[in-house]
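Architecture at a glance
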Amino acid sequence: MNTEWMRQVERRAALHGALSDPGRLAVVDLLSRGDASPSELAAELSMPSNLLAHHVNVLVEHGLVERTRSEGDRRRTYLRLLPTELGPFTTALPKPPRVLFICTANSARSHLAVALWRRASAIPAVSAGTRPASAIAPGAVAAAGRHDLDLRDQHPQHLDSVRREDDLVITVCDRAHEEVGLTADVHWSIPDPVPAGTDDAFDLAVAELGRRVGDLAPRLVMS
């Protein structure tokens with residue numbers, strides 16, 4: 001018997017076992033849309049914090065979920081669903097009229113997210129910032145060129161001038177997600193590549209945004 005194949009079978013069985021509890025499966029379903037803090041999950045699921053912590057610990061131990069520290073409020077932790085041998089979770093979601101990507105400066109991640117989204121979906125997408133910069137970051141423009149993404153004629157805009165009531169709002173920045181009064185439908189905790197300023201930092205942001213877009217876009221269907 002092929003021992004490597006058998007190890008893979010055992011690994012998949014362990015993952016299925018971790019997901020056999022309805023509470024843990026509910027956590028995974030919510031995280032398949034985007035990242036969330038434990039308090040956000042507890043509120044959404046009406047679940048006691050100690051029970052949620054137990055479920056999260058099991059998911060972390062099995063490599064289904066990882067914890068990351070917020071770039072904004074360093075006291076806050078976000079939970080992120082990891083790719084596994086089981087493949088993506090593909091629960092259908094209602095199709096919005098438009099997708100709005102938000103970060104703080106609207107100078108890098110949110111513009112790159114829009115460009116990637118337009119490649120993956122016919123649903124219109126725009127971006128905005130809570131405190132927009134004066135221009136798109138040069139590193140984002142360079143990264144767009146390396147990955148054949150179109151940022152022509154784009155510029156930072158303030159959230160108040162862009163947002164519509166029926167937008168599907170996706171924050172791609174911890175600081176923007178934590179702004180008082182800003183409620184997002186989905187949060188992607190993507191590290192800011194601007195402080196590092198390196199090609200690698202921007203390419204990693206493009207890769208993670210592309211993965212997230214590729215997971216979410218096919219799930220937005222007519223309700």
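Look up: the structure comes first, before these words.
Small disclaimer: the values here were computed from a predicted structure and weren't measured. (Residues numbered from 1 in each chain as written. Predicted model: local features only at pLDDT ≥ 70, side-chain atom pairs only at ≥ 80, totals over all residues. Heavy atoms only, no water.)

Attention shifts here to the nonpolar core. Core analysis: the biggest nonpolar cluster contains 43 residues, and Phe-101, Trp-117, Ile-170 and Trp-188 have the highest contact counts within it. Secondary structure elements with two or more residues in this core: strand E4 (99-103), helix H5 (109-120), strand E5 (125-129), helix H6 (138-146), helix H7 (159-162), strand E6 (168-171) and helix H9 (199-216). Filtering out sequence-adjacent residues up to four positions away, Phe-101 remains in contact with Ser-110, Ala-113, Val-114, Trp-117, Ala-125, Val-126, Ser-127, Ala-128, Ile-170, Val-172 and Trp-188. With 18 residues, the next largest nonpolar core counts Leu-15, Val-28, Leu-31 and Met-47 among its residues. (Core = buried A, V, L, I, M, F, W, Y, C linked by side-chain atoms within 4.5 Å. Buried < 20%, exposed > 50% of the residue type's maximum accessible area, 1.4 Å probe, protein only. Helix = DSSP H or I, 4+ residues; strand = E, 2+ residues; numbered from the N terminus. Contact = heavy atoms within 4.5 Å.)

Turning our eyes to something else, we now look at the environment of Leu-45. Its place among the elements puts Leu-45 in helix H3 (residues 38-45). Overall, Leu-45 belongs to the partly exposed group, its relative accessible area being 24%. For the pair formed by Leu-45 and Gly-23, sequence separation is 22 residues and the distance between their alpha carbons is 8.6 Å. Not counting residues up to four positions away in its chain, the partners in contact with Leu-45 are Ala-26, Val-27 and Leu-30.

Where burial is concerned, most of E5 is hidden: 4 out of the 5 residues are buried. Here E4 runs beside E5; their pairing, made up of 5 bridges, is parallel. Residue pairing in the sheet places Val-99 in a bridge with Ala-125 of E5. Assessed by its sense of winding, the connection that carries the chain from E4 through H5 to E5 is right-handed. (Pairing = 2+ DSSP bridges. Right-handed = clockwise from strand over helix to strand, strands pointing away.)

Between H6 and H9, the shortest axis-to-axis distance is 9 Å and the interhelical angle comes to 65 degrees. In this structure, H6 crosses over H9, and the sense of that crossing is right-handed. Taking contact as the criterion, the partners of Gly-139, Ala-140, Ala-143 and Arg-146 in H6 are, on H9, Asp-199, Phe-202, Asp-203 and Val-206. Of the residues contributing to the contact of H6 with H9, the split by class is 4 nonpolar, 1 polar and 3 charged. (Axes fitted to C-alpha atoms, helices over the stretch in contact; angles between N-to-C directions. Left-handed = near helix turned anticlockwise from the far one by under 90°. Nonpolar A, V, L, I, M, F, W, Y, C, P; charged D, E, K, R; others polar.)

Throughout the structure, instances matching the rule amount to 17 salt bridges. As a salt-bridge pair, Arg-109 and Glu-71 come within 3.8 Å of each other at their nearest N and O atoms. Taken together, the residues span a long stretch of sequence, with Arg-109 in helix H5 and Glu-71 in the loop between strand E1 (65-69) and strand E2 (77-81) at a distance of 38 residues. Judged by its relative accessible area of 5%, Arg-109 is buried. Taking the relative accessible area as the measure of exposure, Glu-71 reaches 23% and is therefore partly exposed. Three or more residues are tied together by salt bridges with common partners; here these are Asp-35, Glu-66, Arg-80, Glu-208, Arg-211, Arg-212 and Asp-215. (Salt bridge = Lys/Arg side-chain N within 4 Å of Asp/Glu carboxyl O.)

Our next topic: the environment of Glu-44. If you trace the backbone, Glu-44 turns up in helix H3. Expressed as a C-alpha distance, the spacing of Glu-44 and Val-27, which sit 17 residues apart in the sequence, is 9.6 Å.

The values are spatial; any link to function lies outside them.
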